[in-house]
Amino acid sequence: MVLTRHITPATNEAMDFKDACALLKKSTHIVIAQQPNADFDTAATIAALTLILAAEDKRIGFLHPITYLAELLRNAGAPDLGAQPPPLEECVIRITTDDAPPATVRYEKKENTVDIIVAPSLQPIRTEKIQFRKGRILCDCILAIAVDDLDAYSPPEDESDFFSRHQVITVIAGAPQRRIGAPKDSTAQDATEDPLNLIDPSASSTSEIVFSLLQEYTRNDVPPRAATLLFAGILSRTRQLSASGLNAENFETAGRLLRAGADPDAARALARSITPWGLIQIAARATVRSRADAAKNSIWFYLAPDDFAKTQTSAADLPAVAAYLDEHHAGRRAFFVLLAQPRPDDRIRAIILWRGDGTDNLRNLDGQPCATGVLLTEQFDDFPQAEDRISKLLAPLL
């Protein structure tokens, strides 16, 4: 059976907060999945979740550790939660019984040991017939943060059906471009129901969505340190709440975080304290591939599939890349255009950033607010088609 789970964008009213909280409450082993080079917003989200869930003796396991998560928690004044452990796994003791079938198998549990006792029937059991190997990962649910395509997400070794066997809670800000589900070659017979979707195309960041989740989870008692981390995540994705296209709900969430005890000065310091290495790498690649068009007062940046593969980034990182480029190239041109093809079979995505007045027609473009511009909903077959279409959009403003 090939299982495919389609993401359906949801509004705040339709998101499965209650069901997601119920699943987290009853789960002991929670596995977190995010891109290997997660942006700051994703890291801040995971830090806040870890802070609250670990306090309830939940066992958090990471498929991909975030290199700067410990530093982020430390900078936030949070307790030292130790290393980011991988998920716990079963330990399997295998005994080859082709020439010595056992008569009985039992175990004896003592104070600090467990003895597994195998009684042979006809022949002795030789030590070379005994092997130890890893079993399945212990997992009650998966938290997928800013991962909009689990088909492209490498499952744990020897568990190709991992994402189809367990309930998934997806957290995505913006409209996802792909499906979320089991790998395409999955034949799992014990597949679970569809994921719980916490997906909001109008959200400024994953931190915004997770704050609503944690308010439900803690019954409106989100700790101030977690609130500060989430506020920092929002600041990192919205240019300190100055990005174009922000809506009333975005500012309302920021206000709710402040009322929950978020420290705005500490959050601003956190948002500036860490720049993910993958973001620096892919922004550098975009800069190398860039070209300036003085006649059209614009800079064009380009990213190919190889750029994403070598920096372990994805389409989910495009808003962070745009914000980084905007910050480091501010004032050089009136318009920035970022064209990107995250994977070889993807269509071209486009982000337009602008400065100055006279851009009302750009503000009304169909797309997701992104830094000082918009991530277009429209996608393109190739880079020349994207350049032609966007040049025509910009022409009246030049």
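Caption draft 1: Spotlight on the sheet that holds strand β2 (residues 59–62). Strands sit in the order β2-β1-β7-β8-β9 across an open sheet of 5 strands; the sheet is parallel. Edge positions in the sheet fall to β2 and β9 (196–200), since each of these pairs with one other strand and no more. Going across the sheet, the axis of each strand differs from the next one's by a mean of 15°, ignoring polarity. When strand β8 (residues 168–173) meets β9, the two strands line up parallel, connected through 5 bridges.

Caption draft 2: Seen up close, the pairing of strand β15 (residues 373–376). Relative to β15, strand β13 (residues 349–354) runs antiparallel, the two being bridged by 3 bridges. What sits directly across from Ile352, in β15, is Val374. Looking at chain direction, strand β14 (residues 367–370) and β15 are connected through 4 bridges and run antiparallel. By the bridge assignment, Gln368 is partnered in β15 with Leu375.

Caption draft 3: Highlighting the sheet that holds β13. Across the sheet, which stays open at both edges, the 6 strands sit in the order β10-β11-β12-β13-β15-β14 with mixed pairing between neighbours. Of all the strands in the sheet, just β10 (291–293) and β14 have a single pairing partner and so form its edges. Each strand axis lies, on average, 20° off the axis of its neighbour in the sheet, ignoring direction.

Rules used in this analysis
- Residues numbered from 1 in each chain as written.
- Predicted model: local features only at pLDDT ≥ 70, side-chain atom pairs only at ≥ 80, totals over all residues.
- Heavy atoms only, no water.
- Pairing = 2+ DSSP bridges.
- Helix = DSSP H or I, 4+ residues; strand = E, 2+ residues; numbered from the N terminus.
- Axes fitted to C-alpha atoms, helices over the stretch in contact; angles between N-to-C directions.

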